[in-house]
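What the coordinates show
Here is what each chain is made of, one letter per residue.
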Amino acid sequence: VQGLPKDVTEEEFVNFFKTAGIIAKDTITLQPKIKIYRDEQGVPKGDGLVTYLKTPSIPNAFQLLDGFDFRPPENHIIKLELAKFENKPGKEKPRGSQISKKLKRYNQEAFELSWDEKEQKHVIIKYMFDHEEAEQDFNFYD
C-alpha cells in the first residue's frame, strides 16, 4: 500500500481496508496482520502492508480501494500492489513449521468465518428495504 497519510493510525488503516474483506489476525497476538512502515523516529512513511484472510478479498481491494482517497478531501490517493515475498539466501524454513502455520491459518479461517458465539453477533434482517429505495437516494448506504 502506498499513499498513506503521514499520521495514519493502525485503527484507521484496519477500518479502511476491512471494507474489502476480513483481515487476517496474527496467530499469537490475535492482532490484525497489518504493517505501517515507519522511519527511525517512528513516523509513518506512507507505506503499509495488509494481509487478508481469504484470497478473493485481494481483487476486491484492488477494485474498491486502489486509486481511492484514503482521507477525503485531503487527497491521499491509495496505490495498491501485490507484495512479493522471497526467502533470504541460507534461511530455509523447516518443513514442519510450514505445516504448523498452515494448520493455524486454517483454524483461524474456520473461527473467523463460523457462526459460533464470539465477540460479534450476526443479525439478518429481511425486507428492511428494497433496491428501488437504494437507487433513489445517493447517500442510502452512508
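Residues numbered from 1 in each chain as written. Predicted model: local features only at pLDDT ≥ 70, side-chain atom pairs only at ≥ 80, totals over all residues. Heavy atoms only, no water.

1. Thoughts on the environment of Leu65
You can see Leu65 is positioned in helix 2 (residues 57-65). Relative accessible area serves as the criterion here: at 5%, Leu65 is assigned to the buried category. Along the sequence, Leu65 and Phe17 sit 48 residues apart, while their C-alpha atoms lie 7.8 Å from each other. Each residue touching Leu65, except ones within four places of it in the same chain, is listed here: Phe16, Phe17, Thr19, Ala20, Tyr52, Asn60, Ile78 and Leu80. (Helix = DSSP H or I, 4+ residues; strand = E, 2+ residues; numbered from the N terminus. Buried < 20%, exposed > 50% of the residue type's maximum accessible area, 1.4 Å probe, protein only. Contact = heavy atoms within 4.5 Å.)

2. A word on a nonpolar patch on the surface
On the surface, a cluster of nonpolar side chains totalling about 460 Å² of accessible area is made up of Val123, Ile125, Met128 and Phe129. With a relative accessible area of 39%, Phe129 lands in the partly exposed category. (Patch = residues over 30% accessible without salt bridge, like charges linked within 9 Å, V, L, I, M, F, W, Y side chains within 5 Å. Areas by Shrake-Rupley, 256 points an atom, 1.4 Å probe, with all protein chains shown as cover. Salt bridge = Lys/Arg side-chain N within 4 Å of Asp/Glu carboxyl O.)

3. Describing the nonpolar core
Counting residues in each nonpolar core, the largest one holds 18 residues, and the members touching the most others are Val1, Phe13, Phe17, Val50, Tyr52, Leu65 and Ile78. Those elements that place two or more of their residues in this core are helix 1 (10-17), strand 1 (34-38) and helix 2. The leading source of residues in this core is helix 1, at four residues. Setting aside residues up to four positions removed in sequence, Ile78 forms contacts with Val1, Gln2, Gly3, Leu4, Phe16, Phe17, Leu65, Asp66, Gly67, Phe68 and Phe70. (Core = buried A, V, L, I, M, F, W, Y, C linked by side-chain atoms within 4.5 Å.)

4. Here's the deal with the packing of aromatic side chains
If you walk through the whole model with that rule in mind, you get four aromatic pairs. For the ring pair Phe13 and Phe17, a centre distance of 4.8 Å and an interplane angle of 45° mean the geometry is tilted. Within this pair, Phe13 and its partner Phe17 are both found in helix 1, separated by four residues, close to a single helical turn. Per residue, the accessibility class of Phe13 equals that of Phe17, and both read buried. Between Phe16 and Phe70 the ring centres are 4.6 Å apart and the planes differ by 50°, which places this aromatic pair in the tilted class. In this pair, Phe16 sits in helix 1 while Phe70 sits in the loop between helix 2 and helix 3 (95-112), placing the two residues 54 residues apart along the sequence. (Phe/Tyr/Trp six-rings, centres within 6.5 Å; stacked < 30°, edge-to-face > 60°.)

5. Points about helix 2
Buried within helix 2 are the following residues: Ser57, Ala61 and Leu65. Within helix 2, the buried residues cover an arc of 50° as seen down the axis, which keeps them to one side. In helix 2, the exposed positions that point more than 90 degrees away from the buried face belong to Pro59 and Gln63. Buried residues in helix 2 make contact with helix 1. Gly67, located one to two residues past helix 2, shows a positive phi value of around 85°. (Arc of directions from axis to C-beta.)

6. Re the pattern of salt bridges
Evaluation of the coordinates by the stated rule reveals four salt bridges. Residue Arg71 is joined to Asp7 by a salt bridge in which the shortest nitrogen-to-oxygen separation is 2.9 Å. Of the two residues, Arg71 is situated in the loop between helix 2 and helix 3 and Asp7 in the segment before helix 1; the sequence distance between them amounts to 64 residues. Note that Glu12 and Arg71 form a salt bridge whose closest N and O atoms lie 2.8 Å from each other. Of this pair, Glu12 sits in helix 1 while Arg71 sits in the loop between helix 2 and helix 3, and the two are 59 residues apart along the sequence.

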